[in-house]
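# Results of the structural survey
Spelled out from the first residue to the last, the chains are:
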Amino acid sequence: MEIRMVDLQGPYERIRDEVAEGVREVVASSAYIDGPAVGAFARELATRLGVRHVIPCGNGTDALTLALMAVGLKAGDEVIVPAFAYAAAAEAVLLLGGVPVMADVDEATFNIDPESARRCVTPRTRAIIPVHLFGQTCAMEPILDLAREYGLSVVEDNAQSLGAVYAFADGRRRYAGTMGCIGCTSFFPTKILGCMGDGGALITDDDHLAGRLRMLARHGQAERYRHEVVGINSRLDTLQAVVLRAKLPRLDEYIGARRAAASRYARRLGAIGALHVPHEAPYTTHVYHQYTLRVEPGCRDRLRERLAAQGIPTAVYYPLSLTQQPAYARVCASDGRLEAALRLPQCVLSLPMHTELTERQQERIVAAIERFFEE
Ligand SMILES: *Cc1c(COP(=O)(O)O)cnc(C)c1O
């Protein structure tokens, strides 16, 4: 029983017939671009998330780029992003000539620290990108308050937390990706809702922004061959929409399987004093895109090697803060008080996490970790 970091085969087996039938229909119609499945999927996802508009696009990084274009980011504008995260948000800012300003993260949740974000605000700040990392939402209420106070656009990077729910203090509950002016998500195969290649989407309740996003993703065309603004070309393939339509009704099942695996991990690993299991913040549900431990820096790499020797894969998301990345180090600004974002790259260790993990596999993983710490 080989243990895998991710398993894409299991979920596919359960939708095989639907996908085969859908693919046959697409091939029969030759509607490879903008076929009916694309619009149908967009409507179904919008309904699922309770929003007015879902605009499919080529991938999650394009979604972030399009969102920043739609809110009118100009060269020299500053955008607050977390210093510990996947690079796509900072990259999109830089490609548009903006300056990413790196805020620290909360060590326990890995997500942007609203207090640090507040210290990053300057007269040039235009937007903030909360990245909902590893499966739970950022502390959105203080971020939305900050944005309102300074007139910032909130663009959510929801590539890792589709289906997570944030609870406001007044009891309102909103899905990740539906709280800012635009939410960006990815259907990269390993994401919570993954297709069989690249895919992404923009989520918004704002009719005006939705219109701009649709236009920007089509070379800036409002109508065919009339280019109102300079846009990009970013589309979701019809074949990918077929796969996503088959998977969307199973989203709760995928999240349920991940949460069950996470609670099995936590039951045993939570008793080991030398490590921290993922902290579930009280204001959000956790959909466990990743199951990420924190261990002491020196011990992390030894544990990782020991597990690898026993056929147990692990991963380090992410080995550098964004301020340490060669491409960004000299072109970003940051809160001068980054601490967690600089410490976490040495401490984090992600365990296998997917819908197909069995109790026996987890028993092997947990027992190997227990043995390591007993020595
Ligand atoms: C995967 C991911 C992206 C980018 O999505 P792609 O579809 O690969 O372009 C952006 N942000 C985060 C946090 C991600 O995990």
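Here's a quick rundown of the structure. (Residues numbered from 1 in each chain as written. Predicted model: local features only at pLDDT ≥ 70, side-chain atom pairs only at ≥ 80, totals over all residues. Heavy atoms only, no water.)

Let us look at the overall build of the chain. From N to C terminus, the chain includes 12 helices and 15 strands. Taken over C-alpha atoms, the radius of gyration comes to 21 Å for the chain, in line with the 21 Å a tight globule of 375 residues would show. Taken over the C-alpha atoms alone, the chain extends approximately 70 × 55 × 45 Å along its principal axes. A buried classification covers 55% of the 375 residues belonging to the chain. Partitioning the contacts of the chain with sequence separation of at least 6, the portion at a separation of at least 24 is 73%. A total of about 15,800 Å² of accessible surface is found on the chain, and carbon and sulfur atoms cover 50% of it. Separation of charge centres in the chain, based on 42 positive and 45 negative side chains, amounts to 1 Å. (Helix = DSSP H or I, 4+ residues; strand = E, 2+ residues; numbered from the N terminus. Rg over C-alpha atoms; globule rule 2.2 N^0.38 Å. Buried < 20%, exposed > 50% of the residue type's maximum accessible area, 1.4 Å probe, protein only. Contact = heavy atoms within 4.5 Å. Areas by Shrake-Rupley, 256 points an atom, 1.4 Å probe, with all protein chains shown as cover. Lys, Arg positive; Asp, Glu negative; His and termini not counted. Charge placed at Lys NZ, Arg CZ, Asp CG, Glu CD.)

As a matter of local geometry, the ligand sits amid Asn59, Gly60, Thr61, Tyr86, Ala88, Val131, Asp157, Ala159, Gln160, Ser186, Lys191 and Gly199. At 2.6 Å, a side-chain N or O of Thr61 approaches an oxygen atom of the ligand. Burial of the ligand by the surrounding chains reaches 92%, relative to a free accessible area of 380 Å². Among the residues forming the shell around the ligand, the class breakdown is 4 nonpolar, 6 polar and 2 charged. (Near = heavy atom within 4 Å. Polar contact = N/O pair within 3.5 Å; in protein donor to acceptor, adjacent residues only side chain to side chain. Nonpolar A, V, L, I, M, F, W, Y, C, P; charged D, E, K, R; others polar.)

Moving on: the pattern of salt bridges. Applying the stated criterion across every chain, the model contains 23 salt bridges. For Arg306, the salt bridge identified is with Glu375, shortest N-O distance 3.1 Å. With Arg306 in helix α10 (residues 297–309) and Glu375 in the segment after α12 (359–374), this pair connects stretches of sequence that are 69 residues apart. The exposed category is assigned to Glu375, whose relative accessible area is 68%. Shared partners join several salt bridges into a network, and the residues in it are Glu2, Arg4 and Asp7. (Salt bridge = Lys/Arg side-chain N within 4 Å of Asp/Glu carboxyl O.)

The buried count for strand β8 (residues 182–186) comes to 5 of 5 residues, which makes it a mostly enclosed element. Burial of the side chains of β8 extends over both faces: Ile182, Cys184 and Ser186 are buried on one face and Gly183 and Thr185 on the other. Pairing analysis gives 3 bridges linking strand β5 (residues 153–157) to β8, with the strands arranged parallel. Of the residues in β8, the one forming a bridge with Asp157 is Cys184. (Pairing = 2+ DSSP bridges.)

Pairing between sheet strands relies on hydrogen bonds along the backbone, with the strands arranged either parallel or antiparallel. As summarised here, the arrangement of the 3 strands in space is β12-β13-β15, forming an open sheet in which the pairing is antiparallel. Edge strands, defined here as strands with exactly one partner in the open sheet, are β12 (275–276) and β15 (348–351). Where β12 and strand β13 (residues 291–295) come together, 2 bridges link them in antiparallel fashion. Its bridge partner lying in β13, His276 is registered against Arg294. Sheet contacts for helix α11 (residues 340–347): β13 and β15; angle to β15, the most-contacted strand, approximately 50 degrees. (Axes fitted to C-alpha atoms, helices over the stretch in contact; angles between N-to-C directions.)

Strands sit in the order β1-β9-β8-β5-β4-β2-β3-β14 across an open sheet of 8 strands; the sheet is mixed. Edge positions in the open sheet fall to β1 (53–57) and β14 (333–334), since each of these has one partner strand only. As defined by bridge partners, strand β2 (residues 78–82) adjoins strand β3 (residues 99–103) across 5 bridges and the pair is classed as parallel. Opposite Val79, over in β3, you have Pro100 as the bridge partner. Along the sheet, helix α6 (residues 140–150) contacts β4 (125–128) and β5; its crossing angle with β5, the most-contacted strand, is approximately 150 degrees.

With that out of the way, let us pick up the side chain of Asp7. Of note, Asp7 is situated in the segment before α1 (9–29). Looking at Asp7, the relative accessible area reads 15%, which means it is buried. At 2.9 Å, the side chain of Asp7 forms a polar contact with the backbone nitrogen of Gln9. Here the side chain of Asp7 touches Gly10 through a polar contact of 3.0 Å, landing on its backbone nitrogen.

Tracing the backbone shows Gly336 in the loop between β14 and α11. Judged by its relative accessible area of 77%, Gly336 is exposed.

A few words on the pairing of β3. Burial analysis of β3 places 4 of its 5 residues in the buried class, which makes it a mostly covered element. Between β2 and its parallel partner β3, the chain crosses via helix α4 (residues 88–95), and the hand of that crossover is right-handed. (Right-handed = clockwise from strand over helix to strand, strands pointing away.)

Here Ser350 lies in strand β15. A distance of 2.8 Å separates a polar atom in the side chain of Ser350 from a polar atom in the side chain of Thr292. Not counting residues up to four positions away in its chain, the partners in contact with Ser350 are Met5, Gln290, Tyr291, Thr292, Thr314, Ala315 and Tyr317.

Grouped together as the largest cluster of nonpolar side chains are 72 residues, with contacts concentrated most on Phe84, Ile129, Leu202 and Leu269. For this core, the element with the highest residue contribution is helix α3 (residues 60–70), accounting for 7 residues. Each of two domains, domain 1 (9–249) and domain 2 (250–374), supplies a minimum of three residues to this core. Apart from the residues lying within four places of it in its own chain, the contact partners of Leu202 are His53, Val54, Ile55, Cys57, Ala63, Leu66, Ala67, Ile182, Gly183, Cys184 and Leu213. (Core = buried A, V, L, I, M, F, W, Y, C linked by side-chain atoms within 4.5 Å. Domains from an automatic or database assignment.)

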